[in-house]
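Chain and residue survey
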Amino acid sequence: MELYVDLLYSPAMTTSPAKNRYHDAPRAADFTIDQAWDTYSAAEHDRWDRLFLRQREIAKGRASEVALKAMAELELSASGIPNMAELSDKLEKITGWRVVPVAELVPDEIFFDHLANRRFPAGAFIRPEAEFDYLQEPDIFHDIFGHVPMLADPVFADFMEAYGKGGQRAMQLGQLHNLARLYWYTVEFGLIREAGGLRIYGAGILSSPNETVFALENDSPNRVAFDLQRIMRTKYIIDDFQQTYFVIDSFDALLDACYQDFGGVYDEVKNKPDIEAHETLPGDALIHRGSLDYFRQKAQV
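Reference entry: report on the structure contained in this document. (Residues numbered from 1 in each chain as written. Predicted model: local features only at pLDDT ≥ 70, side-chain atom pairs only at ≥ 80, totals over all residues. Heavy atoms only, no water.)

**Quick look at unusual backbone geometry**
- One non-glycine residue with positive phi stands out, namely F31, at about 70 degrees.
- The phi dihedral of L292 falls on the positive side, at around 65 degrees, and the residue is not glycine.
- Inspection of the secondary structure puts L292 in the loop between β7 (286-288) and α14 (293-300). (Helix = DSSP H or I, 4+ residues; strand = E, 2+ residues; numbered from the N terminus.)

Set out below in structure tokens:
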């Protein structure tokens, strides 16, 4: 397995030819491929439809209204796997972003360059039927259903562009692991205060039926108010539900917190110890202290 910072930034981890129909597809210099949309089978289109309908129902009342509104505006409910070129034409008119198909692992520098230029690299393969309920590596459903709706929000779209530019600098400073944690706890697994409660905007939650419920309604995980340095020091879990979720007050607040030179932030965190994913600290603005029961029970199995 790749280092988890690479795993995080890859829209699709390295997969076998049997699972990934694009495994041997020709790649351009920026690692994009031809989606060849007309080659998807009827079974693959049907799989998308069933994934979409199930998750849209679960997301009602749980996902951020920003995401739900964008799903309708971008017509993600249209039958079958989205054609990324057509989807991009709609998205570009809203925020200037495009979605570009890739086969699997995208090197960090390529990933950041795409984001910095308002291109989101999305894995083009769809999970096999045998992994309908859970797939560790992100596929087209995770990338399109989970990530693309948020790119239709002007503020979040600006945040993602800034993140891409920040990633290029983090690589130069040797601080990529810290920046990866920011992506993980916001873009992938972030919660937001909305409609008098908490809602989901992170793609890793938004595309998962079980974690959609767990993140908001289970007593086990900690829920902590957003703190940039705290997040940059916090480890995360790549193969299970998160032990801690961080909560932003608004997308404007997220952008404001991250629209700065991270050089000083890196200097502050580089000599401090990492924080385990389950830990709470005396200075945390706790929204909910988790019981951690789910994780204790799993550890005993």
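**Description of the packing of aromatic side chains**
- Applying the stated criterion across every chain, the model contains 24 aromatic pairs.
- Ring plane angle 75 degrees and centroid distance 6.0 Å describe the contact between F156 and Y201, whose orientation is recorded as edge-to-face. Within this pair, whereas F156 is found in helix α7 (residues 154-173), its partner Y201 is found in the loop between β4 (197-200) and α9 (203-206), the two being separated by 45 residues in sequence.
- On the basis of relative accessibility, which here comes to 2%, the residue F156 falls in the buried class.
- Pairwise contacts between aromatic rings join F111, F112, F156, F159, Y163, Y183, Y201 and F251 into one cluster. (Phe/Tyr/Trp six-rings, centres within 6.5 Å; stacked < 30°, edge-to-face > 60°. Buried < 20%, exposed > 50% of the residue type's maximum accessible area, 1.4 Å probe, protein only.)

**Some thoughts on the environment of N222**
- For N222, the location among the structural elements is in strand β5 (residues 222-225).
- With a relative accessible area of 1%, N222 lands in the buried category.
- Separated by 24 residues in sequence, N222 and F246 have C-alpha atoms that sit 8.3 Å apart.
- Setting aside its immediate chain neighbours within four residues, N222 contacts Q243, T244, Y245, H278, E279, T280, H288, R289, G290 and L292.
- Among the polar contacts made by the side chain of N222, one reaches the main-chain carbonyl oxygen of H278 at a distance of 2.9 Å.
- Within the structure, N222 has its side chain in polar contact with the backbone nitrogen of G290 (distance 2.8 Å). (Contact = heavy atoms within 4.5 Å. Polar contact = N/O pair within 3.5 Å; in protein donor to acceptor, adjacent residues only side chain to side chain.)

**Things to note about the nonpolar core**
- Within the largest apolar cluster, 90 residues are counted, with the highest numbers of intra-cluster contacts made by I144, F156, F159, M160, L191 and F262.
- Ranked by the residues each element gives to this core, the list is headed by helix α8 (residues 176-188), at 8 residues.
- Sequence-distant contacts of F262, that is, excluding residues within four places in its chain, are made with R169, L179, L182, L228, M232 and A257. (Core = buried A, V, L, I, M, F, W, Y, C linked by side-chain atoms within 4.5 Å.)

**Some thoughts on the side chain of S88**
- Along the chain, the position of S88 falls in helix α4 (residues 84-95).
- In this structure S88 comes out as buried when scored by relative accessible area, which is 0%.
- There is a polar contact of 2.8 Å between the side chain of S88 and the backbone oxygen of M84.
- Setting aside chain neighbours within four positions, we find S88 in contact with W97, R98 and V99.

**A word on the sheet that holds β5**
- Within the open sheet, the 5 strands sit side by side as β4-β3-β6-β5-β7. Their pairing is mixed. Two strands close off the open sheet at either side, each with one partner strand: β4 and β7. The average angle at which neighbouring strand axes cross in this sheet is 40 degrees, direction not considered.
- As paired strands, strand β3 (residues 191-194) and β4 are joined by 4 bridges and run antiparallel to one another. Across the sheet, the residue bridging to R193 is L198, located in β4. (Pairing = 2+ DSSP bridges. Axes fitted to C-alpha atoms, helices over the stretch in contact; angles between N-to-C directions.)

**Focus: the packing of helix α5 (residues 108-116) against α7**
- Here α5 crosses α7 at 145 degrees, and the two axes come no closer than 7 Å. Note on packing geometry: the crossing formed by α5 with α7 is left-handed. Contacts between α5 and α7 involve D108, E109, F112, D113, L115 and A116 from the former and M160, E161, Y163, G164, K165, G167, Q168 and M171 from the latter.
- For the contact of α5 with α7, the per-class residue count stands at 6 nonpolar, 3 polar and 5 charged. (Left-handed = near helix turned anticlockwise from the far one by under 90°. Nonpolar A, V, L, I, M, F, W, Y, C, P; charged D, E, K, R; others polar.)

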